[in-house]
Amino acid sequence: MKVVENLLGKVKPIFDKGGKLEKLYPMYDALETFAFVPDHTTHKGAHIRDSIDMKRTMFLVIVALIPCLLFGIYNTGYQHFLALQQEASFMEMVVFGLWKAIPLIIVSYGVGLGVEFIFCIIKGHSIQEGFLVSGMLIPLIMPMDVPLWMVAIATAFAVLIAKEVFGGTGMNILNVALTARVFLFFAYPTMMSGNKVWVNTEGGTVVDGFTGETLLGQAISRGADFYDTAGVAYASVSDSFMASFLGFIPGSIGETSTLAILIGAAILLWTGVASWRIMLSAVIGGAVMGLIFNILGPQVSPDNLYLQVPWWHQLVMGGFMFGVVFMATDPVSAAQTYKGKVIYGFLIGILGILIRVANPAYPEGIMLAILFMNVMAPTIDHYVVQGNINKRLKRLKTA
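Keep in mind the model is a prediction, meaning the values are calculated, not measured.

1. Observations regarding the overall build of the chain
Counting secondary structure elements, the chain contains 15 helices and zero strands. In terms of overall dimensions, the chain is globule-like: its C-alpha atoms have a radius of gyration of 23 Å, near the 21 Å expected for 399 residues. Each of the three principal axes of the chain carries a C-alpha extent, and together these read 70 × 70 × 35 Å. The buried share of the chain, reckoned over its 399 residues, is 48%. Considering only contacts within the chain whose residues lie at least 6 apart along the sequence, 68% involve residues at least 24 apart.

Following this line, the structure appears as structure tokens:
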């Protein structure tokens, strides 16, 4: 690393004020501060002053996402060869998954950081670190065959509309990665939902009984009577639950494995990056909503099979756990007060399950739930703080 540090030190005068490449200083600064701890402090923005800076914090989140990425790469290949009933080795599945996932990651980072650099050069400030995480989240919440130009448009839209217009990292109201996904969901719905976008079937003939539906799609017509990609029925609800927990099901690249997500959650909690209050209350909220549907469903709407999916199974289907761990805990767009985080997380869990069951047209209810609660988070914090003020004023009067 000393060699790199010396090299950066030699070329720095070129990028400093008065140098030939003065306008490109944000690019140099981004590289230098990513590799080494910066020797300056933050001057503005909603940042917390701590011994660990934003780039190191974002790097820890990326480390927490690695289990989801690695399993998602393998599962992409696994689902492909399962649909075609072709024998394939572990490495063949991984290589196929890499072939699908790497271009999405390159486009996401290339477009997002490109927009960030342009804003840095125009506005003359340092590169903002938030996109280091968003650039990895965006490909993980996409179907593996979504066209790359759509990813590019969605990424540019999210960085511009969800972040830069609000003042950049630390000032955005909405989660940037989810904004990219919701943009594609409403602009190009046929590429973001249905039964043809989750499993790649090119290069062969699919097996009889093949289904490309996710479990969320199957739950509408079959309840908890799930089938795998090859059209083979799971022997029991416990079997389909275990397949969902481990992640051997169709879905977005990084969202299928609850086990990988929990490993990431453990890293985030151990390093103190994410809030356990939000994670725990969101899971409780989802469980409560699912349990209410299980109890009332047979009496209120016996023909709605979706209501009969066990509440504990709801928690491991779709992007619920991924959203709870990596999206709802966004330190910028989430609630900031302790009590506010509990309310915020609980309502995300409630709304996430409520939306997916009440309106199957929006199977990924967690996406809409988090974005809605992003908007409501400042209001929650306001009333929590105001409630504390009122309590203290009341104690003061009675003293």
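2. Notes on the nonpolar core
Of all hydrophobic cores here, the largest spans 94 residues; its most connected members are Phe 322, Phe 326 and Tyr 344. Setting aside its immediate chain neighbours within four residues, Tyr 344 contacts Ile 278, Ala 328, Ser 333, Ala 334, Ala 335, Ile 370, Met 373, Asn 374, Ala 377 and Ile 380.

3. As for a nonpolar patch on the surface
A grouping of Leu 269, Trp 276, Leu 280, Ile 284, Val 288, Leu 291, Ile 292, Ile 295, Leu 296, Val 300, Trp 311 and Trp 312 is seen on the molecular surface, where their side chains present a nonpolar patch of about 1,100 Å² in accessible area. Elements that contribute at least two residues to the nonpolar patch include exactly helix H11 (276-300) and helix H12 (311-314). The biggest single contributor to the nonpolar patch is H11, with nine residues. When you line up the elements, Leu 291 lands in helix H11.

4. Looking at the packing of helix H4 (residues 90-123) against helix H6 (residues 148-163)
In the contact formed by H4 and H6, the axes pass within 9 Å of each other and the chain directions differ by 35 degrees. As H4 runs across H6, the sense of the crossing is right-handed. Where H4 abuts H6, its residues Pro 103, Leu 104, Val 107, Ser 108, Val 111, Gly 112, Val 115, Glu 116 and Phe 119 lie against Leu 148, Val 151, Ala 152, Thr 155, Ala 156, Val 159, Leu 160 and Lys 163. Of the residues assigned to the contact of H4 with H6, the class counts are 12 nonpolar, three polar and two charged.

5. Focus: a positive patch on the surface
On the surface, Lys 339, Lys 391, Arg 392, Lys 394, Arg 395 and Lys 397 cluster together into a patch of positive charge. Looking at the positive patch, the element that brings in the most residues is helix H15 (residues 365-398), giving five residues. Take Arg 392: it is sitting in helix H15.

6. Details of the confidence of the model for the chain
Mean pLDDT over the chain: 87, with 91% of residues reaching 70 or higher. The secondary-structure element of the chain with the lowest mean pLDDT is helix H2 (residues 25-35), recorded at 68, while helix H10 (residues 258-270) shows the highest, at 96.

7. A look at the packing of H11 against helix H14 (residues 338-358)
Where H11 contacts H14, the two axes come as close as 7 Å, and the packing angle between them is 35 degrees. Taken as a pair, H11 and H14 cross one another with a handedness that is right-handed. Counted together, Arg 277, Ile 278, Ser 281, Ala 282, Ile 284, Gly 285, Gly 286, Val 288, Met 289, Gly 290 and Phe 293 of H11 and Tyr 338, Lys 341, Val 342, Tyr 344, Gly 345, Phe 346, Gly 349, Ile 350, Ile 353, Leu 354 and Val 357 of H14 form the full contact between these two elements. Its residues assigned to classes, the contact of H11 with H14 comprises 14 nonpolar, six polar and two charged.

The rules behind the values
Residues numbered from 1 in each chain as written. Predicted model: local features only at pLDDT ≥ 70, side-chain atom pairs only at ≥ 80, totals over all residues. Heavy atoms only, no water. Helix = DSSP H or I, 4+ residues; strand = E, 2+ residues; numbered from the N terminus. Rg over C-alpha atoms; globule rule 2.2 N^0.38 Å. Buried < 20%, exposed > 50% of the residue type's maximum accessible area, 1.4 Å probe, protein only. Contact = heavy atoms within 4.5 Å. Core = buried A, V, L, I, M, F, W, Y, C linked by side-chain atoms within 4.5 Å. Patch = residues over 30% accessible without salt bridge, like charges linked within 9 Å, V, L, I, M, F, W, Y side chains within 5 Å. Areas by Shrake-Rupley, 256 points an atom, 1.4 Å probe, with all protein chains shown as cover. Salt bridge = Lys/Arg side-chain N within 4 Å of Asp/Glu carboxyl O. Axes fitted to C-alpha atoms, helices over the stretch in contact; angles between N-to-C directions. Left-handed = near helix turned anticlockwise from the far one by under 90°. Nonpolar A, V, L, I, M, F, W, Y, C, P; charged D, E, K, R; others polar. Lys, Arg positive; Asp, Glu negative; His and termini not counted. Charge placed at Lys NZ, Arg CZ, Asp CG, Glu CD. pLDDT = per-residue confidence, 0-100.

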